[in-house]
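The lines below spell out each chain.
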Amino acid sequence: MPDYKPTLNLPRTDFAMKANLAQNEPLSQRRWDGCGLYERLTAARSAAPRFVFHDGPPYANGAIHTGHLLNKVLKDIVVRSRLLVGKACPFVPGWDCHGLPIEHRVMSGLVESGRIERLAALDEDARRVAVRNECARYAQKHIALHIATLRRLLTIADYEHPYLTMDPAYEAGALGLFAELVERGLVFRQLKPVHWSPANRTALAEAELEYEEREDPSIYVDFEAEDRAAVERAFGVELDTTPSFMIWTTTPWTLPANLAIAVNARHRYALVEIDGSTTVIASDLVDRVAAAAKAEKVARLAETTGSALLGLGYRHPFIERSGRIVAAEYVTLEDGTGLVHTAPGHGEDDWRTGLREGLEIYCPVDEAGRYDETAPSFLRGVEVWTANDLVIERLRESGHLFHAARIVHSYPHDWRGRTPTIFRATEQWFVGVDRSVDAGAAGGGEGSSGTLRERALEAIGSSVRFVPEWGRNRMRGMLESRPDWCISRQRAWGLPIPAFRLPDGGVFMTAASVRAVAAAVAARGSDAWFREDPETLLATYEPSSDPHAPPGLKVGALRKMHDIFDVWFESGASWQAVLRGRELGFPADLYLEGSDQHRGWFQASLLPALGSVGAAPYRTLVTHGFIVDKEGRKMSKSLGNALDVEDLLRDFGADVCRWWVSSLAYENDIRLDLEFLRLAGESYRKVRNTLRFLLSNLDDLPQDDRAEAPDPRSIDGWILGETARVQRTVLDAYERFEFRTAHLAIFDFCNETLSATYCAAVKDRLYCDRRDAPRRRRTQRAMREILHVLCRLLAPILPHTADEAYRALIRDAEACVHEQVVRPIDHAQEPGWSAVLAARAAAQKSLEAAKADGIENPLDAMVVLPDPEGRLEAFLPELADLLGVSRVALDRAAQRVAVVDLRDQPRCERSWRRDGTVRARSDGGLLSDRDAEAVGVT
RNA sequence: GGGCUAGUAGCUCAGAUGGCUAGAGCGCACCCCUGAUAAGGGUGAGGUCGGCAGUUCGAGUCUGCCCUGGCCCA
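Structural notes, computed from the coordinates.

Rules and cut-offs
Residues numbered from 1 in each chain as written. Chains lettered and ligands numbered in written order. Predicted model: local features only at pLDDT ≥ 70, side-chain atom pairs only at ≥ 80, totals over all residues. Heavy atoms only, no water. Helix = DSSP H or I, 4+ residues; strand = E, 2+ residues; numbered from the N terminus. Rg over C-alpha atoms; globule rule 2.2 N^0.38 Å. Buried < 20%, exposed > 50% of the residue type's maximum accessible area, 1.4 Å probe, protein only. Lys, Arg positive; Asp, Glu negative; His and termini not counted. Charge placed at Lys NZ, Arg CZ, Asp CG, Glu CD. Axes fitted to C-alpha atoms, helices over the stretch in contact; angles between N-to-C directions. Parallel < 35°, antiparallel > 145°, perpendicular 65-115°, else oblique. Left-handed = near helix turned anticlockwise from the far one by under 90°. Contact = heavy atoms within 4.5 Å. Nonpolar A, V, L, I, M, F, W, Y, C, P; charged D, E, K, R; others polar. Expected span 1.5 Å × (residues − 1). Polar contact = N/O pair within 3.5 Å; in protein donor to acceptor, adjacent residues only side chain to side chain. Pairing = 2+ DSSP bridges. Near = heavy atom within 4 Å. Salt bridge = Lys/Arg side-chain N within 4 Å of Asp/Glu carboxyl O. Core = buried A, V, L, I, M, F, W, Y, C linked by side-chain atoms within 4.5 Å.

## Examining the overall build of chain A
Alright, step 1. For chain A, the count of helices and strands is 30 helices and 32 strands.
Alright, step 2. Expected size for 938 residues packed as a compact globule is a radius of gyration near 30 Å; at 38 Å, chain A overshoots this value by more than 25%.
Alright, step 3. Across the 938 residues of chain A, 57% fall into the buried class.
Alright, step 4. The centroid of the 117 positive side-chain charges in chain A is displaced by 5 Å from the centroid of its 136 negative side-chain charges.

Below is the structure:
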């Protein structure tokens, strides 16, 4: 029997089945970098419609983690899908460089290495510059690491020219924006309590605190009511003595700053007689207080609600001053008395309450932790820690001390000296959200007036698109309740707030002076603030032309102040410093970040933009969720369930990671486990093998082969119609940021439409038809067209694989799919195909059932399809291939599919089909007519 | 404690305006192919739709409460 295998047109391609991504992807990356792909695209699309997509700056610290992977891959799919439709999509990656985490790290390093001692010899400014240099180096190092990994992730961006918030041009942009806000009257100074280290005379951030056990006094204090009758009315009783309000505190030293007592309006409060004193305590806490004080006689006289107590007055126990009862939600029944001593200068909650109630933010404690001149005489000059006992003694003497004990509790300490810290009100800079924007100020600013809050609510309510839509509601809630924005920090590593101290103790900073400093910073970086004197910094400032300059201002008499900006202010200025500064376009079409940025960067960007240009800096906000582990728990290093991105790239490859990302419902939490990536890898291989099968059958198709579109009733006409449909679906999904829909459409197309249906059906003609048979060529041309479409549609998700396949397709190793634009493809769908596919499904079930009768191979069968309306007739030439059987017949009278056993009929030794034409040929083999013709025998 | 959000087969997800025996892919099981071969094809088994009440002729889909996660606040 002749061996016919060599006469077949079997598949051939260099496109390997095994992707070897970890090894080959870096080669792709190098090839793209080598040809300057980003720059080439920028140049090629310079006149094209632009999609302005602005990157939010990750913090320049640590390594790229899985959250970055998610974020940056989603962004890259956006960029590449816009490039695919011919748009220009400049994408400048950014890094947030300043801030405490880096400064903290650097300081720890300096302490450990002992170099901190050497810095101590320097003056204040020189020390700051030295620390800043270290910080800058640290940031730079991590940015380089980030970029390397992001490149390895196959993201396309202007990595040669990233924006760094520590670059002079950026800093100047941020200061310019700040000047606008100053000009519009949105920036002001106000006291606010911060964590303070009396030992080091410095403000501390939350991260610089270490909580340690500490023993403190625990005292219950009676604050005498001012108006007995009012209390009687509140409780509906008559009394023969003036009652008091009982508070509990562990910081007696803050009592001199007491200005109010807070209650929870919803709780119940009791008027009690307890060991001789008549006082008010939360009903649920009476027993607890009595037990703590070992009180013997406790009698409840009456009860009322917290709201009934609001507004009642009391006398301060040792200062000539009155206070009143105010409401606060944070008052709980956990401990104490349910009445909270409130000192707006000594606590964050107290401060908020104070602002709301219009209380003074009073803080009689200086930076060394000693009372100032405003304190009562027995405390002046005394350290707060010593004051505790003095205060207690004074309360005891005057009969206001109900009970005193000691308590061991967790208390914040300065991370360096391990000394206890206090809350102390200091002057801070704020951007006011409820101040009306001074629209008349020079420089304009469109839009109506209104406050930042009003403008923000309006912007996100109408002019910004949210994906997912619920982001709008979430952000609205946050904007409605957000406080004024405290933009100052007392650190070294940051952008200085360019304010000066006047000789009279006042503060000098105007829009014009900020702009002058911005010019200096633009030229010499923000280190200039620490290196230069006020005259140099304000070289371009002219007091006589600044209407806001204080009279008689002498620049030489100014002293620099040393607050720096909150890093959120800096990153929030990116639209100004980058989009406008580099003329990339404003506002941005898109910001895409994790949903935590509804409070963070989105707001930090929105508020200043509304305050200066009067418009939101973005048109659309897309947010994604957070990576969690297999069980849905937060992923973190400390929990030990974090996955390393470098490991993932090595073990799975960037394309597989990206394929996984594209499959996600990214707006929710995202579970990640090695198992999921393994599954993504399998589905990736399905796509890859489909590409490979298509490519491997084009080996002999002449490059210049062209022909008219195939008959829509042919299988090739059908597949081209399907291809067009998939392209529409995928492009539409990309457009709407529904990458998952694109992923599914592509996968389903590769898996079902192509691999299981089309490719299986056309194998026979590809392998067995004469090489240049019209039917075979028609299929090859269809496959080539499919590949052109598929490579492009895959390019945003699988940059390496799509490019690899594309280069194999057009047989040009230098080609690049990423420079290609989507192909117009318009093939009509022949409506009869749905009946054909339904018949195919029915036939497959019948064939499966026929296995029981011994017909295990479909090529041993003929299928008779019922065709009552004759709808299948036009497709008859393709039906046998489509069903994978040897023959198909149609029967108008039949009700159901019939499978006919052909095993007694001769089988073609070349095509293995029993199509009824098989007979012995001149070469001695058994062949069908088609195969005899292909081999050239008779 | 508050705002937003999620909980549907082992896994990832679909399931406008409430309406037939709740869908898809992967995985799994069984079978076929051995001319896509560390590939390919077919068939099939898997779910009390987080829990408990309620509204309704009828609820995965509406309401309330609860449980378990996530983000942001307090």
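Structure shown, so let's carry the discussion forward.
## So, the packing of helix α3 (residues 66–84) against helix α24 (residues 715–735)
Alright, step 1. At a minimum axis distance of 10 Å, the contact between α3 and α24 shows a crossing angle of 125°. Comparing the axis directions of α3 and α24 gives the class oblique. Judged by the sense of rotation from one axis to the other, the crossing of α3 with α24 is left-handed. The segment α3 lies against α24, with I77, S81, R82 and L84 engaging L731, Y734 and E735.
Alright, step 2. Within the contact of α3 with α24, the residues separate by chemical class into four nonpolar, one polar and two charged.

## Overview of helix α6 (residues 124–152)
Alright, step 1. Taking 1.5 Å per residue as the helical rise, α6 with its 29 residues ought to reach 42 Å, and the 42 Å between its terminal C-alpha atoms agrees with that figure.
Alright, step 2. For α6, the side-chain oxygen to backbone nitrogen distance between the N-cap and D125 is 2.9 Å, and the N-cap itself is D123.
Alright, step 3. Of the residues trailing α6, L154 is marked for its positive phi of about 65°.

## A few points about the sheet that holds strand β1 (residues 53–54)
Alright, step 1. An order of β1-β24-β25-β17 is seen for the four strands of this open sheet, with the pairing classed as parallel. Unpaired on one side and paired on the other, β1 and β17 (465–467) mark the two borders of the sheet.
Alright, step 2. Where strand β24 (residues 588–594) meets strand β25 (residues 618–624), six bridges bridge the pair, whose relative direction is parallel. Residue pairing across strands places G594 opposite H624, the latter belonging to β25.
Alright, step 3. Sitting on the sheet, helix α20 (residues 601–612) touches β1, β24 and β25, and the angle it makes with β25 is about 165°.

## Observations concerning the pairing of strand β9 (residues 268–274)
Alright, step 1. Where burial is concerned, most of β9 is hidden: five out of the seven residues are buried.
Alright, step 2. In terms of strand pairing, β9 meets strand β11 (residues 298–305) through seven bridges, oriented antiparallel. Looking at the pairing, Y269 lines up with T304 of β11.
Alright, step 3. As defined by bridge partners, β9 adjoins strand β10 (residues 277–282) across six bridges and the pair is classed as antiparallel. Residue I274 lies in a different strand from β10, and its bridge partner there is S277.

## Concerning the environment of T938
Alright, step 1. Along the chain, T938 turns up in the segment after α30 (929–935).
Alright, step 2. Note on T938: relative accessible area 63%, which makes it exposed.
Alright, step 3. On a C-alpha basis, the gap between T938 and G313 in space is 116 Å, while along the polypeptide they are 625 residues apart.
Alright, step 4. Those residues in contact with T938 that sit more than four places away from it in its chain are R921 and S922.

## A few points about the sheet that holds strand β13 (residues 322–327)
Alright, step 1. Strand order across the open sheet formed by four strands is β12-β13-β8-β14, with mixed pairing between neighbours. Bordering the open sheet on either side are β12 (313–315) and β14 (340–342), each of which pairs with just one other strand. Across the sheet, the axes of successive neighbouring strands diverge by a mean angle of 35°, strand direction being ignored.
Alright, step 2. Pairing between β12 and β13: three bridges, direction antiparallel. Looking at β13, one finds that R315 is bridged to S322.
Alright, step 3. Those strands touched by helix α11 (residues 348–357) are β13 and β14, and its axis lies near 100° from that of β13.

## Observations concerning the packing of helix α22 (residues 654–662) against helix α23 (residues 674–696)
Alright, step 1. Running from amino to carboxyl end, α22 crosses α23 at an angle of 100°, the nearest separation of the two axes being 9 Å. Accordingly, the angle class assigned to the pair α22 and α23 is roughly perpendicular. Counting all contacts with α22, which are made through D655, V656, C657, W659 and W660, the residues of α23 involved are F676, L677, A680, G681, S683, Y684 and V687.
Alright, step 2. In the contact of α22 with α23, the residues fall into nine nonpolar, two polar and one charged.

## Focus on the protein's contact with RNA strand B
Alright, step 1. Taken together, 45 residues lie near RNA strand B, and R599, G632, R692, R740 and Y767 sit nearest.
Alright, step 2. Between K5 and RNA strand B, the recorded distance is 3.4 Å, taken from a side-chain N or O atom to a phosphate oxygen.
Alright, step 3. One nitrogen or oxygen atom from the main chain of E856 is found 3.2 Å from a sugar or linking oxygen belonging to RNA strand B.
Alright, step 4. Ranked by residues supplied to the surface near RNA strand B, first place goes to helix α25 (residues 739–768) with nine residues.
Alright, step 5. For the surface near RNA strand B, the residue count by class is 17 nonpolar, eight polar and 20 charged.

## Brief notes about unusual backbone geometry
Alright, step 1. For the bond from V467 to P468, the omega torsion is 0°, close enough to zero to count as cis.
Alright, step 2. The residue P468 is located in the loop between β17 and α14 (470–481) in this model.
Alright, step 3. Here the amide bond leading from F586 into P587 is cis, since omega sits at -5°, within 30 degrees of zero.
Alright, step 4. For P587, the location among the structural elements is in the loop between α19 (574–580) and β24.
Alright, step 5. With phi around 50°, K294 is a residue other than glycine that occupies positive phi space.
Alright, step 6. Mapped onto the fold, K294 is located in the loop between α9 (286–292) and β11.

## So, the environment of P824
Alright, step 1. Relative to the helices and strands, P824 is located in the loop between α27 (799–809) and α28 (833–850).
Alright, step 2. Distance in space between the C-alpha atoms of P824 and F423 is 66 Å, their sequence separation being 401 residues.

## Examining the pattern of salt bridges
Close approach of charged atoms allows side chains of opposite charge to pair.
Alright, step 1. All chains considered together, the criterion is met by 77 salt bridges.
Alright, step 2. Residue E160 pairs with R151 through a salt bridge whose shortest N-O separation is 3.2 Å.
Alright, step 3. Since its relative accessible area comes to 51%, E160 is described here as exposed.
Alright, step 4. According to the relative accessible area criterion, R151 is partly exposed, its value standing at 22%.
Alright, step 5. One salt bridge in this structure joins K851 and E848, with 3.2 Å as the shortest N-O distance.
Alright, step 6. Look at K851 and you get partly exposed, because its relative accessible area is 37%.
Alright, step 7. It is possible to trace a salt-bridge network through shared partners that takes in D716, D764, R765, D769, R775, R778, E878, D881, R910, R913, R930 and D931.

## Overview of the nonpolar core
Alright, step 1. W660, Y758, L790 and L865 are the most contacted members of the largest nonpolar core, which has 144 residues in total.
Alright, step 2. Sort the elements by how many residues they give to this core and α25 lands first, with 14 residues.
Alright, step 3. In terms of nonpolar packing, the next biggest core, distinct from the first, is built from 74 residues, M475, I487, A549 and Y591 among them.

## Topic: the environment of A839
Alright, step 1. If you trace the backbone, A839 turns up in helix α28.
Alright, step 2. Sequence separation between A839 and L379 is 460 residues; the distance between their C-alpha atoms is 96 Å.
Alright, step 3. Contact partners of A839, with chain neighbours within four places excluded, come to L865 and L872.

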